[in-house]
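The residues making up each chain are set out below.
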Amino acid sequence: MMNCVLITLAIIASSMSHQARAQDAMQGGSSGPDAAAADCEKKGQPKIGMTAPQAMDTCWGKPVRTETRVTHDSLEERLIYANGRVLKFRNGTLTSILEKQ
């Protein structure tokens, strides 16, 4: 079952990344810091209670690494970003947002 969960998460992340690139290409792509800031503002920030796919659809985007831990009563996941930020999930729900100070 753990392998099924990990494979499903990988498929969702890959699909979302592909969709985002295709949508960006159709819209002509973004250019410059102003366009990136406007896009970030439109997508919003991750919020407690989101799922991993919802969080990856925010301004933060796709993480550089994902860590998953399965225990007898929970699935814990950490999405780790290059800038030191981390999103922590428990049983599919965002429970902590860590930002490097």
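Bear in mind that the values here come from a model prediction, so they are computed numbers and not experimental data.

1. Comments concerning helix α2 (residues 32-43)
Compared with the 16 Å implied by 1.5 Å per residue over twelve residues, the 17 Å span of α2 between its first and last C-alpha is a close match. Positioned one or two residues after α2, glycine 44 has a phi angle of 80°, which is positive.

2. Here's the deal with the packing of aromatic side chains
Evaluation of the coordinates by the stated rule reveals one aromatic pair. A ring pair is formed by tryptophan 60 and tyrosine 81, whose centres lie 5.3 Å apart and whose planes are at 80°; its orientation type is edge-to-face. With tryptophan 60 in the loop between α3 (52-56) and β1 (65-70) and tyrosine 81 in the loop between β2 (75-80) and β3 (86-90), this residue pair connects regions lying 21 residues apart in the sequence. When its relative accessible area of 6% is taken as the criterion, tyrosine 81 is described as buried. The side chain of arginine 85 reaches across the aromatic face of tryptophan 60, ending 4.0 Å from its centre.

3. Digging into the sheet that holds β2
With antiparallel pairing, four strands are arranged side by side in an open sheet as β1-β2-β3-β4. Looking at which strands have only one partner, the edges of the open sheet turn out to be β1 and β4 (93-98). When the angles between neighbouring strand axes are averaged without regard to direction, this sheet yields 20°. Where β2 meets β3, five bridges bridge the pair, whose relative direction is antiparallel.

4. Regarding the pattern of salt bridges
One pass over the structure, following the stated rule, counts six salt bridges. Among the salt bridges present, the one from arginine 78 reaches glutamate 67, with a minimum N-O distance of 3.2 Å. Here glutamate 67 lies in strand β1 and arginine 78 lies in strand β2, a separation of eleven residues in the sequence. For arginine 78, a relative accessible area of 32% gives the class partly exposed. With a closest N to O distance of 3.1 Å, glutamate 76 and arginine 69 form a salt bridge. Its relative accessible area of 21% is what places glutamate 76 among the partly exposed residues. One network of salt bridges, in which partners are shared, links Arg65, Glu67 and Arg78.

Conventions and cut-offs
- Residues numbered from 1 in each chain as written.
- Predicted model: local features only at pLDDT ≥ 70, side-chain atom pairs only at ≥ 80, totals over all residues.
- Heavy atoms only, no water.
- Helix = DSSP H or I, 4+ residues; strand = E, 2+ residues; numbered from the N terminus.
- Expected span 1.5 Å × (residues − 1).
- Phe/Tyr/Trp six-rings, centres within 6.5 Å; stacked < 30°, edge-to-face > 60°.
- Buried < 20%, exposed > 50% of the residue type's maximum accessible area, 1.4 Å probe, protein only.
- Lys NZ or Arg CZ within 6 Å of the ring centre and 35° of its normal.
- Pairing = 2+ DSSP bridges.
- Axes fitted to C-alpha atoms, helices over the stretch in contact; angles between N-to-C directions.
- Salt bridge = Lys/Arg side-chain N within 4 Å of Asp/Glu carboxyl O.

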